[in-house]
Amino acid sequence: MLIDIVSSVFLLGGALFCAVGAFGLLRFPDLLSRLQAATKPQTVGLIMVLFGAALQLEIVDAFGLVLVALLQVVTAPVLSQLVGRAAYRIGAVERSSLVRDHLGDRLRREGFLSPKGRPGDR
């Protein structure tokens with residue numbers, strides 16, 4: 001009985017995290033904020049849902065859910081980073097919203113063109 005209650009709390013909490021992440025994805029104004037909303041709450045929500053489901057399964061079956069959670073934790077931040085970097089390079093990121101432009105500094109140091117290929121910003 002206690003496991004059912006704990007499992008329900010994790011399932012509902014995970015669903016709430018996923019819903020908040022989806023809401024943030026729709027409401028945030030710029031690409032980088034949307035990437036944040038698509039990555040962090042969705043990952044936490046999925047892990048909570050998987051943990052809640054794992055509590056209802058045998059230990060051998062729950063191991064598969066642990067692998068899914070680990071794969072999500074490893075891949076979601078990496079993909080978010082790659083999408084953000086690609087968006088920066090094509091000029092889809094509003095540079096005025098950045099407090100510190102580390103990627104721009106690094107790209108200029110390495111001799112790459114600025115976003116949208118403006119040669120004057122080398």
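Starting from 1, residues in each chain are numbered consecutively following that chain's sequence as written. For this predicted model, a pLDDT threshold of at least 70 governs which residues receive local features, and a threshold of 80 or more governs which side-chain atom pairs are given and counted, while totals over whole chains, interfaces and linings are taken from all residues. Values shown for side chains rest on all heavy atoms present in the structure; no hydrogens or waters enter the calculation.

**As for the pattern of salt bridges**
Condition: Salt-bridge detection follows one rule: a side-chain nitrogen of Lys or Arg within 4 Å of a carboxyl oxygen of Asp or Glu.
This model, assessed by the stated rule, comprises four salt bridges. Between aspartate 105 and arginine 100 there is a salt bridge whose closest N-O contact spans 2.5 Å.

**Comments concerning the nonpolar core**
So the rule is basically this: The definition of a nonpolar core used throughout is a set of buried Ala, Val, Leu, Ile, Met, Phe, Trp, Tyr and Cys residues joined through side-chain atoms within 4.5 Å. Exposure is judged per residue with a 1.4 Å probe applied to protein chains only, and the accessible area is read against the type maximum: over 50% gives exposed, under 20% gives buried, and values in between give partly exposed. The secondary structure listing takes helices from DSSP runs of H or I that are at least 4 residues long and strands from runs of E that are at least 2 residues long, numbered from the N terminus.
If you look at the biggest cluster of nonpolar residues, it comprises five residues: Ala87, Tyr88, Val93, Leu103 and Leu107. Every element with two or more residues in this core is listed here: helix 3 (59–90) and helix 4 (102–109).

**Focus on the UniProt feature "transmembrane region" (unreviewed entry) in the chain**
Using the following cut-off: UniProt positions are given in the numbering used here, feature names are shortened, and annotations may be inferred rather than shown by experiment.
The feature "transmembrane region" (unreviewed entry), as given by UniProt, occupies residues 6–26 and 46–71 in the numbering adopted here. Its end C-alpha atoms 30 Å apart, residues 6–26 is made of 100% helix and 0% strand. The distance from the first to the last C-alpha atom of residues 46–71 is 11 Å, and the span holds 85% helix and 0% strand.

**Notes on the packing of helix 1 (residues 2–27) against helix 2 (residues 31–54)**
Rule in force here: The angle between two axes is taken between their N-to-C directions and runs from 0 to 180 degrees, where each axis is a line fitted to C-alpha atoms and a helix contributes only its stretch in contact. For this classification, under 35 degrees means roughly parallel, over 145 means roughly antiparallel, 65 to 115 means roughly perpendicular, and everything else is oblique. A crossing counts as left-handed when the near helix is turned anticlockwise from the far one by less than a right angle, and as right-handed when that turn is clockwise. When residues are grouped by polarity, Ala, Val, Leu, Ile, Met, Phe, Trp, Tyr, Cys and Pro land in nonpolar, Asp, Glu, Lys and Arg in charged, and all others, Gly among them, in polar.
Taken N-terminus to C-terminus, the directions of helix 1 and helix 2 make an angle of 165°; their axes are 7 Å apart at the nearest point. As the angle between them shows, helix 1 and helix 2 are arranged roughly antiparallel. Like other packed secondary-structure pairs, helix 1 and helix 2 cross with a definite hand, here left-handed. Per-class residue counts for the contact of helix 1 with helix 2 are 17 nonpolar, eight polar and one charged.

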